[in-house]
Every structure is written in structure tokens, then in C-alpha cells.
Amino acid sequence: MEIYDLAILGAGAAGLGAAQYGARANLRTIVIEEMAHGGQALLIDRLENYPGLPEAVDGYTWSETMRAQADAFGAEFMSSSVASLRKDGELFVVETADGPLGAKAVIVATGAKHRHLGVKGEEELAGRGVSYCATCDGPFFKGKRMIVVGGGDAACDEAMFLSKLAEKVVMVHRKDRFRAQKSVAARVLSNPRIEVRFETVVEEIKGTKAVEGAVVRNLATGETSEVAAQAVFVFVGSIPQTGAVPADVRRDESGSLMTDDRMETSLRGLFAAGDVRATPFRQVITAVSDGAVAAHCAAQYIDEIEGKAYL
């Protein structure tokens, strides 16, 4: 079995950031990704708020640059899926579709998938008005009408953000009250630019080349109506991709991995970075930062178990 110093599961923004810092720390580093490197960053049409990039770039170009940097520092990449992960003594065993490999430390950077509504038009218009990130895409619809779907903290926070940009925000929530914290919900309800429709669901997102509106249904009356809008932002939760992680590693109520400020989980030597971990802000820049911290602390952990810690 091939043994590495550091195995990184996932090659999104967090994994690519970790790969650079792991390899720069002279760790034999391998990144395992079953899809294309870049993760959800590949869906970004214009990455315009990443520090140091005054000219917007598309997510693919940014991901290619990150991959090239990690390559230059010596990180290895493996295209495979990870079935399971376990710790055997001081060594982690990563079971991949191409066989097992060992690592002294592991960073889980497998991300999270946005929960989708599953309605007609959602997939067809993704990236053309349907979005799951207000900070990323809201500025493209400045002065337009927007729909926000959801009722938790994230939905309310994002609706408040979008209200600063939009002509009007129509917020649709299937329950008769918000799930968000009362103070957060109160700010939404008192915002004159936000119209809240409780007990309402989206039945269809309409548009040909881009979003033109949505068909909504009132659950109490059964009445349907059409809301004109140029963007639909969906915030109905996310699904952290933790299937390979041992079940006894601590998670929060959403299933996200819990870490300390070193990005270390409840299992020594197992770190988490990016959207897979419990975090208050999910952006490319925070994912890369998580990856850098995780790799740095993984290197310190390896020094400790090998008796080389700087005292």
C-alpha cells in the first residue's frame, strides 16, 4: 500500500488550497477527486470578488491556475472515488475505487451539495438566473426583481443582502413562520424591499434563455400565481458530503463536520476544510483559507506523531 504524508479528499477550492500548502511544507501530498478539480468553483461564470484578481475570471480558469500551482509545488492528483476512511493506529487508510492508500494525516474537503427544489426549470436555468449563492451572483441582478426561497438563517441573511441590490425581493417559505433566529427574521419582516409569502412553494421556474419568473402555490388556499423575476435564489439547506468519514466523528445538526480553529475534527489527525465543515460563511476565499490552515496544522500534527515537534 502506497503511503503518503497527507491525503486530501476533494479538489475544490479548499482541497486545492490545502494541496499547495501541504506540498510547500514538503509533505508528500495526494489529492483524490472523483470529478473535475475545481468543485463548485467551476460553476462560477465571473469570479470578481477574489482578492488580488481585479479582472474577473471564470471558475474554470481559476481552478486550472490553482491546480497548476499545486502541481508546481509537487502535489499529486488521483482521479478516483473514496468509499471509506479509517484510522489504524497512527495511520489512516483511505479506501478508493482503485485500491487503498495510507496517509499520516487526512484533510476532508469534499464540500456540500446545495439542496435543490426539484421543480421544472431549476436545472435548465441554473447559472442563468437560478443561483444558490447571493454573494456570488446577486450583483449581476442589481436593480432587478428577485425571488428567495427558504426560511432559515441563510435564506434570511441572503434576502437582506439581496434587498440592498434588488428593486424588490419576494421571499417564499413553505411554513407559516421563519425557522431563522427571531432577530434575523424580524429584520426581514421589517424590510420594505422584501415581500414575504408564507405557506407558499415554488412549483416551476419559468424562462427560455434566462429566468423570467416563477409559478408559486399558496399551500393554505391552493391558489397558484406567477411572480415576475430575473433571478431565483434557493436557500433550502445543503448536504455535506461526509459519507466516507467515520460515523463517530462529530457533526452538527446539519451533518457538517465540526472542527476547532486548527480545522481538526474530533478524530486526531483528521482535518476538514471548506463547505463540508460547520462554518458561518461559504465562499471561495474562506474555503482556500480553511485548506491552508488545515494543511499547516496537519504538518504540525505529523511532526508531533513523529517526535519532530518544535518545542
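Our subject is the structure that appears above.
About the thresholds
- Residues numbered from 1 in each chain as written.
- Predicted model: local features only at pLDDT ≥ 70, side-chain atom pairs only at ≥ 80, totals over all residues.
- Heavy atoms only, no water.
- Helix = DSSP H or I, 4+ residues; strand = E, 2+ residues; numbered from the N terminus.
- Rg over C-alpha atoms; globule rule 2.2 N^0.38 Å.
- Buried < 20%, exposed > 50% of the residue type's maximum accessible area, 1.4 Å probe, protein only.
- Contact = heavy atoms within 4.5 Å.
- Areas by Shrake-Rupley, 256 points an atom, 1.4 Å probe, with all protein chains shown as cover.
- Pairing = 2+ DSSP bridges.
- Axes fitted to C-alpha atoms, helices over the stretch in contact; angles between N-to-C directions.
- Phe/Tyr/Trp six-rings, centres within 6.5 Å; stacked < 30°, edge-to-face > 60°.
- Lys NZ or Arg CZ within 6 Å of the ring centre and 35° of its normal.
- Disulfide = S-S within 2.5 Å.
- Core = buried A, V, L, I, M, F, W, Y, C linked by side-chain atoms within 4.5 Å.
- Polar contact = N/O pair within 3.5 Å; in protein donor to acceptor, adjacent residues only side chain to side chain.
- Lys, Arg positive; Asp, Glu negative; His and termini not counted.
- Salt bridge = Lys/Arg side-chain N within 4 Å of Asp/Glu carboxyl O.
- Parallel < 35°, antiparallel > 145°, perpendicular 65-115°, else oblique.
- Left-handed = near helix turned anticlockwise from the far one by under 90°.
- Nonpolar A, V, L, I, M, F, W, Y, C, P; charged D, E, K, R; others polar.

*Asks:* A description of the overall build of the protein chain should follow, citing residues and the corresponding values.
*Replies:* A tally of regular secondary structure across the protein chain gives six helices and 17 strands. For the protein chain, the C-alpha radius of gyration of 21 Å lies close to 19 Å, the compact-globule estimate for 311 residues. Dimensions of the protein chain, computed from C-alpha atoms along their principal axes, come out at roughly 65 × 40 × 35 Å. A burial count over the protein chain gives 46% of its 311 residues as buried. Sequence separation of 24 or more characterises 59% of the internal contacts of the protein chain that already satisfy a separation of 6 or more. Carbon together with sulfur atoms contributes 50% to the accessible area of the protein chain, which is approximately 15,200 Å² in total.

*Asks:* Can you lay out the sheet that holds strand S14 (residues 224-228) for me, pointing to particular residues and giving the numbers?
*Replies:* Taking strand neighbours across the sheet as the criterion, the three strands line up as S12-S13-S14 in an open arrangement whose pairing is antiparallel. The open sheet has two free edges, formed respectively by strand S12 (200-207) and S14, since each of these has just one partner strand. Here the strands of the sheet are splayed against their neighbours by 25 degrees on average, with no regard to which way each runs. When strand S13 (residues 211-218) meets S14, the two strands line up antiparallel, connected through five bridges. When the bridges of S14 are listed, valine 215 appears paired with glutamate 226.

*Asks:* Pulling in residues and values, what's your account of the packing of aromatic side chains?
*Replies:* Tallying each qualifying case throughout the model produces five aromatic pairs. Ring centres of phenylalanine 271 and tyrosine 301 lie 6.4 Å apart, and the angle between their planes is 70 degrees; on these two criteria the pair is classed as edge-to-face. Remark: tyrosine 301 occurs in helix H6 (residues 284-305) and phenylalanine 271 occurs in strand S17 (residues 270-272); sequence separation between them is 30 residues. For phenylalanine 271, a relative accessible area of 0% puts it in the buried group. These aromatic residues form a ring-pair network of at least three members: Phe141, Phe233 and Phe235. Above the ring of tyrosine 4, the side-chain terminus of arginine 28 is found at 4.1 Å from the ring centroid. Above the face of the phenylalanine 77 ring, arginine 67 is positioned so that its terminal group lies 3.9 Å from the ring centre.

*Asks:* Lay out the state of the cysteines in plain terms, naming residues and giving numbers.
*Replies:* Under the definition given, this model contains one disulfide. Paired by a disulfide, cysteine 133 and cysteine 136 hold their sulfur atoms 2.3 Å apart. One quick way to see it: the torsion about the S-S bond of cysteine 133 and cysteine 136 is about 70 degrees, and its sign makes the bridge right-handed. Cysteine 156 forms no disulfide, and the closest cysteine sulfur to it belongs to cysteine 133, at a distance of 17 Å.

*Asks:* A description of the nonpolar core should follow, citing residues and the corresponding values.
*Replies:* By size, the foremost hydrophobic cluster in this structure holds 35 residues, and its most contacted members are Ile8, Trp62, Ile107, Phe271 and Val284. Among the elements of the structure, strand S1 (3-9), helix H1 (13-24), helix H2 (59-73), strand S6 (99-108) and H6 are those that each provide at least two residues to this core. If near-sequence neighbours (up to four positions away) are discounted, valine 284 is found in contact with Ala13, Ile44, Leu47, Tyr50 and Trp62.

*Asks:* Please set out the environment of asparagine 49 residue by residue, giving values where relevant.
*Replies:* By the element assignment, asparagine 49 lies in the loop between strand S2 (29-33) and H2. Looking at asparagine 49, the relative accessible area reads 43%, which means it is partly exposed. Along the backbone, asparagine 49 and glutamine 283 are 234 residues apart, and their C-alpha atoms lie at a distance of 9.8 Å. Residue contacts for asparagine 49: discarding those within four places in its chain leaves Thr135 and Gln283. Of note is the side chain of asparagine 49, whose polar atom sits 3.4 Å from the side chain of glutamine 283.

*Asks:* Could you give an account of the side chain of glutamate 158, with specific residues and numbers?
*Replies:* Looking at where glutamate 158 falls in the secondary structure, it is placed in helix H4 (residues 153-163). For glutamate 158, which is buried and forms no salt bridge, the nearest opposite charge comes from arginine 282, at a distance of 9.2 Å. Contacts of glutamate 158, omitting those with residues within four sequence positions, involve Ala134, Thr135 and Phe235.

*Asks:* Explain the sheet that holds strand S8 (residues 130-131) to me, and be specific about the residues and the numbers.
*Replies:* Read across the sheet, five strands follow the order S8-S15-S9-S10-S11 without closing on themselves; strand pairing throughout is parallel. Of all strands in the sheet, those bounded by a partner on one side alone are S8 and strand S11 (194-197). As defined by bridge partners, strand S9 (residues 145-149) adjoins strand S15 (residues 231-234) across four bridges and the pair is classed as parallel. Considered in S15, the bridge of valine 148 is made with phenylalanine 233. On the sheet, H4 packs against S9, strand S10 (168-172), S11 and S15 and is oriented at approximately 165 degrees with respect to S10.

*Asks:* Describe the packing of H1 against H2, and please don't skip the residues or the numbers.
*Replies:* At a closest axis distance of 8 Å, the pairing of H1 and H2 adopts a crossing angle of 20 degrees. Classified by the interaxial angle, the pair formed by H1 and H2 is roughly parallel. When the axes of H1 and H2 are compared, the crossing they make is left-handed. Together, Ala13, Leu16, Gly17, Ala19, Gln20, Ala23 and Arg24 of H1 and Trp62, Ser63, Met66, Arg67, Gln69, Ala70 and Phe73 of H2 make up the contact between the two elements. Counted by class, the contact of H1 with H2 contains eight nonpolar, four polar and two charged residues.

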